[in-house]
Structures are given as C-alpha cells and as structure tokens.
Amino acid sequence: MLKTFRGGIHPKDSKTLTSNCPIEIAPIPQKVIIPLRQHIGAMATPVVKRGDIVKKGQLIAQNQGFVSSNIHTSICGIVVDICDYNHGTFGKCLSVIIESNGEDEWCEGIPLERDMSALSGKDIVKIVQSLGIVGLGGATFPTHVKLQPGEVKLDTLILNGSECEPYLTADYRIMLEWAEKVAEGMKLTMKILNVKKGYIGIEDNKPEAVVEMKEAIENICKADGLNIEVVALPTKYPQGAEKMLIKVLTGREVPSGGLPTDVKVVVQNVGTVVAIYDAVAKGIPLVERVVTISGGAIKEPKNMLLRVGTTFADAVNYCGGLTSEPKKIVMGGPMMGFAQYTLDIPIAKGTSGILALTEKEVNSGTVYPCIRCGRCLEACPMGLVPSMFANLADKDAFLEAKEDYNLLDCVECGSCSYVCPSKRKIVQAVRYNKLQCVSAANKK
Ligand code: SF4
Ligand code: SF4
C-alpha cells in the first residue's frame, strides 16, 4: 500500500460536469491576443510588427535568454496591434493581436512528419526550446530548462496525471484519448534525460485513465527497456504538487528550498509530454492546448482544444454562454487558480481551466480574525504554519515569513484557506509576502 503525504484535504471534486466530455476542437477565433509573457522567466520580444501577415505556427516573439520561451501565432491573419492587454496572472502584458483571415495553413518549415530515430537528446532539447514548449500543468516553466539539469545525475521521470484540482478534467481526457501520444512523449523525455525509471501518477478516482495508460505504456515503451509504472494514487488534494508526488512515488523528500532534481527526479505534466511529442515528431509549436471550461454558470461545460490567444469570452460562447452572472471567474482550478474580473482575457499556454462559478460554488464570506483552531496547520501538506503568513502579511513582515516560517516552501495549494473557519485569505497573503521578498531582493 502506498504511503500518503501529511495533511491535505478532500474538497468536492465537481469533475462529473466534464469528465465524460470528449476533447472538442474549437473553431478558429476571429481574433487572438497572444501575450508575450506565458512562461516563467524573461518576456519574449516581438519579431513581427503591425500590418505583418502571419501563418499559423510562425514565430512572433523571440525568447530572451535561457529561462524564457519562444512564442508562435496560433492562427493565420494580420497583426493588427502590439500593445498592453489584459493578462490572467500579471494584470496587463505586452501582447500581439492578430485578426484571422479564415485560413488555417501551417507556416513554411513545419515538417508535420519527421524521422525521430536519428535525433540525439541534444537535438530534441533544441527542438523543444525553439518551438516554445513550457510546462502545461500551470507553472509554465520553460521545458528545455527542466530537460537540461546540468551536472545533476537524474534517475527518474515522473509524469503527473493526478489532476487533483476540482472541476479540471483536461488531463484526464488527454490520458483517455491521447494515451499513445503521452507514452511516446514520455519515451522521448526519458531519452533526453537518460533515465530508465519512470512513473505515471494518477489519482485513483480516474481508473479508466490508469487502464488506458498501462496499455499504452506496454505497447510503446516496454520494448525500449524502460521500467515505467502506472500508479493509482490515493485521491487527496494536493496530490499533484511535485513534492507530494515525489514523496508518494519514490519515498524521497525534496529538501526545504530545494528542487526535484536534488533527489534525482524530474516531473512533467501529461499534457507537456504530448506537446514535446508534437514538437519533435511533427515540428508543431505550442499554439493550442486542452482547457476545461466548467462551473455552474456555464451552459454546456466542455473540454476544448483552444488556440492560445482565444479570449475567455469566446471560449465561454463555444460552450453556449453563461446561464447566470457568475459569482467568480477563475483561470485554472478553484484551489490554485487566479480570480478574474472580466472574460476579456486571453488563454495562455498555462491556462488549464476557465471556471464560471455560482454563489453556491464559491467558498467566500466575511473574513474574521483567527480563532487559533489549528485546522490550517493540520491541512498544510508542507508542515508549515499558514496562519502566520496571514498575520505577517498584515504587518508587512515578509522577511520574517521567509526566514522564520519557510515561506518559500509554500506550494500555494490553498488547503489552509479552504479549511479556515474564519475565511482568512491565507494564499493571497503568501503570494503577497513572496512578491514583497522578490521586490526587496531586486532593490538590493
Ligand atoms: S501554507 Fe501553503 S502549502 Fe501550506 S496549506 Fe497553505 S497554501 Fe498549502
Ligand atoms: S484555520 Fe484559520 S482560524 Fe484556524 S488557526 Fe488557521 S488561520 Fe486561524
């Protein structure tokens, strides 16, 4: 029997709204707004100008340095503007706005079929870098960086198929419908990392995905001498957090302030390895992704393959529109996602979900002072003291939060806020403290 991690919670998963909805290909939007910051690291710089005619897959913004990522257009059309526009995480961001001309042809230079047998690990990393692949689980770390751990000797790749956030079913559908591509992508990733041991971790509330992935791994990876286990994990939030997955699957503990590579492991999301496969086998850049559009205020919740740059408003319209005024719009899942004040926000590479939640679905209410009940401590999977983060944010004592309470170990899972009877905004306090730490460091 698998060991579980400490703490964690069991929120209502609300996945049945979309779990049986096959991935639907969205129509070409009339306009896309493509943000130049869709990844962790330096913002990409535009290489097109207003009036340029572009074709799907064409590079429109160049990465700036190692920790950065290229950006390509998701539609054919004309660049009508390059300006600041609404952004789901940063408020505003420089974006390339492209109006569709109705065509849907890939730009020159995309092979759509390639013999992969002659490619070395280094060739594959170059392709992944040039085609703008980033982590699709939400963190959007440039994938080529994760695939080059330097001097560190790795031994294990973990694929994250747990999708523990309520409502989201995009990864579940990917595993059911594209299991072979996931297996191919995993094989490629193991080749780059030069590891022979792999795990695919899937929560045990998705037994069909476990069956599909076991079969695909058997058919595609066994002959290469890879030792890959598809493991049904106990359903508990936040099972999909990297540190939890590593602990449960390998028994190894990532040290405080450390990275998975410190324990010889790399974790990738199942959608990311599909993007790696499409890039390497077909030369396709990351210009679309599967998004769950769900919540009680959506008329017909769906999983859709959407072009990067499609607005939330267009995506909601593809689902029949809204049935009522939502109490809250969220980009991502309800636990770790970002609340939005408008649907005029573009889908980015890291957008796993769009939720339009009704009053009944939102864990809101008046915020009261802490009653020192200790529930947040019990729920915290990282063994932190969450109540202190809120207390210290109130006093702007972010350095104390960092140095005395291990602020940077917080994975922002939201378990503490979820269980707090006083409805304290602990995750917001954590994010505020972290931002203050970054600005203080930049001032030095
Ligand atoms: S303090 Fe951070 S890691 Fe702990 S429960 Fe809260 S959000 Fe999760
Ligand atoms: S759960 Fe809320 S009320 Fe209870 S100790 Fe934590 S912050 Fe205070």
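Residues numbered from 1 in each chain as written. Chains lettered and ligands numbered in written order. Predicted model: local features only at pLDDT ≥ 70, side-chain atom pairs only at ≥ 80, totals over all residues.

Peer 1: Could you clarify how one ought to interpret the overall build of the protein chain in this entry?
Peer 2: Each helix and strand counted, the protein chain has 13 helices and 17 strands in total. Taken along the three principal axes of its C-alpha coordinates, the protein chain extends 60 × 50 × 50 Å. Residues counted as buried form 53% of the 444 residues belonging to the protein chain. (Helix = DSSP H or I, 4+ residues; strand = E, 2+ residues; numbered from the N terminus. Buried ≥ 20, exposed ≤ 12 C-beta atoms within 10 Å, placed from the backbone.)

Peer 1: For this particular structure, what's the right way to read the domain arrangement of the protein chain?
Peer 2: Many structure descriptions define interface size as the accessible area lost when the parts assemble. As assigned here, the protein chain comprises domain 1 (27–109 + 285–361), domain 2 (121–282) and domain 3 (375–443). Summarising the inter-unit geometry, the C-alpha centres of domain 1 and domain 3 are found 30 Å apart. (Domains from an automatic or database assignment.)

Peer 1: Would you mind going over the packing of helix H10 (residues 386–394) against helix H11 (residues 398–405) with me for this structure?
Peer 2: When two helices pack together, you describe them by how their axes are tilted relative to each other and by the distance separating the axes. One way to put it is that H10 packs onto H11 with a least axis distance of 8 Å and a crossing angle of 155°. Overall, the two elements H10 and H11 adopt an arrangement that is roughly antiparallel. Residues Met388, Phe389 and Leu392 of H10 form the contact with H11, whose own contacting residues are Phe398, Glu400, Ala401 and Tyr405. A breakdown of the residues in the contact of H10 with H11 according to their chemical character gives six nonpolar, no polar and one charged. (Axes fitted to C-alpha atoms, helices over the stretch in contact; angles between N-to-C directions. Parallel < 35°, antiparallel > 145°, perpendicular 65-115°, else oblique. Contact = placed C-beta atoms within 7 Å. Nonpolar A, V, L, I, M, F, W, Y, C, P; charged D, E, K, R; others polar.)

Peer 1: It is not clear to me how the sheet that holds strand S3 (residues 45–46) should be interpreted in this structure. Could you clarify?
Peer 2: Strands pair in a sheet through their backbones, by hydrogen bonds, and they do so in one of two ways: parallel or antiparallel. Pairing within the open sheet is antiparallel, and its three strands lie in the order S3-S5-S6. Two strands close off the open sheet at either side, each with one partner strand: S3 and strand S6 (71–72). Pairing analysis gives two bridges linking strand S5 (residues 59–62) to S6, with the strands arranged antiparallel. The residue of S6 that forms the bridge with Leu59 is His72. (Pairing = 2+ DSSP bridges.)

Peer 1: So what exactly am I meant to see when it comes to the nonpolar core here?
Peer 2: Proteins that are soluble and globular tend to have nonpolar side chains buried together. With 131 residues, the main nonpolar core has Val182, Met213 and Phe389 as its most contacted residues. If you tally residues by element for this core, the top one is helix H7 (residues 270–282), at nine residues. Apart from the residues lying within four places of it in its own chain, the contact partners of Val182 are Ile174, Met175, Met213, Ala216, Val270, Val273 and Val274. (Core = buried A, V, L, I, M, F, W, Y, C linked by C-beta atoms within 7 Å.)

Peer 1: For this particular structure, what's the right way to read the site of ligand 1?
Peer 2: Within the structure, ligand 1 sits among 16 residues, and Cys380, Pro386, Cys410, Cys413 and Cys416 are positioned closest to it. Looking at the shell around ligand 1, its residues break down into 13 nonpolar, two polar and one charged. (Near = placed C-beta within 6 Å.)

Peer 1: Sorry, what's going on with the environment of Leu249 here?
Peer 2: Here Leu249 is to be found in helix H6 (residues 242–250). Classification of Leu249 by C-beta neighbours within 10 Å gives buried; the count is 20. When the C-alpha atoms of Leu249 and Leu233 are compared, they prove to be 8.6 Å apart, with 16 residues separating the residues in sequence. Ignoring sequence-local partners within four residues, the contact set of Leu249 consists of Ile158, Tyr199, Gly201 and Val231.

Peer 1: How should I be thinking about the site of ligand 2 in this particular structure?
Peer 2: Close to ligand 2 lie 13 residues, the nearest being Cys370, Cys373, Cys376, Ser387 and Cys420. When its residues are assigned to classes, the shell around ligand 2 shows seven nonpolar, three polar and three charged.

Peer 1: Looking at this model, I keep getting lost on the packing of helix H4 (residues 179–193) against helix H5 (residues 207–220). Mind explaining?
Peer 2: The contact between H4 and H5 brings their axes to 9 Å, and the two run at 50°. With respect to H5, the axis of H4 lies oblique. Once H4 is placed against H5, the crossing between them reads as right-handed. In this structure, H4 uses Ala179, Glu180, Val182, Ala183, Glu184 and Lys187 to contact H5, whose residues at the interface are Glu212, Met213, Ala216, Ile217 and Ile220. (Left-handed = near helix turned anticlockwise from the far one by under 90°.)

Peer 1: Just checking my understanding: could you explain the pairing of strand S14 (residues 302–307) for this structure?
Peer 2: Consecutive side chains along a regular strand alternate between the two faces of the sheet. Across the six residues that make up S14, a large majority, five, are buried. Inspection of the sheet shows strand S1 (residues 23–25) paired to S14 by three bridges, in the parallel sense. Bridging from a neighbouring strand, Glu24 pairs with Met304 of S14. With six bridges connecting them, strand S13 (residues 288–294) and S14 associate as antiparallel partners. Note that in S14 the partner of Ile293 across the bridge is Lys302.

Peer 1: Looking at this model, I keep getting lost on H7. Mind explaining?
Peer 2: An α-helix turns once per 3.6 residues; consequently, residues spaced three or four apart project the same way. An ideal rise of 1.5 Å per residue puts 18 Å on 13 residues; H7 measures up with 18 Å between its terminal C-alpha atoms. For H7, a buried count of twelve out of 13 residues is recorded, marking the element as mostly surrounded by other parts of the structure. Within the span of H7, buried status applies to Val270, Gly271, Thr272, Val273, Val274, Ala275, Ile276, Tyr277, Asp278, Ala279, Val280 and Ala281. Just past H7, the residue Gly283 takes up positive phi, approximately 75°. (Expected span 1.5 Å × (residues − 1).)

Peer 1: Where do I start with the sheet that holds strand S11 (residues 227–233) in this structure?
Peer 2: Reading across the sheet, the four strands line up as S11-S10-S9-S12 and stay open at both edges, with parallel pairing between neighbours. Unpaired on one side and paired on the other, S11 and strand S12 (265–269) mark the two borders of the sheet. If you compare each strand with its neighbour and ignore which way they point, the axes differ by 20° on average. Of the pairings in the sheet, the one linking strand S9 (residues 156–160) to strand S10 (residues 197–203) comprises five bridges and is parallel in character. Bridging across to S10, Asn160 finds its partner in Gly201. Helix-sheet contacts for H5 involve S10 and S11, and the interaxial angle to S11 is about 175°.

Peer 1: Would you mind showing me how to read unusual backbone geometry here?
Peer 2: Cis geometry is adopted by the peptide bond preceding Pro238, which originates at Tyr237 and carries an omega value of 0°. With respect to the secondary-structure elements, Pro238 resides in the loop between S11 and H6. With a phi close to 40°, Glu163 is a non-glycine residue in the positive phi region. Residue placement: Glu163 occurs in the loop between S9 and helix H3 (170–177). Unusually for a residue other than glycine, Glu412 sits at a positive phi of about 55°. Assignment of secondary structure puts Glu412 in the loop between H11 and helix H12 (415–419).

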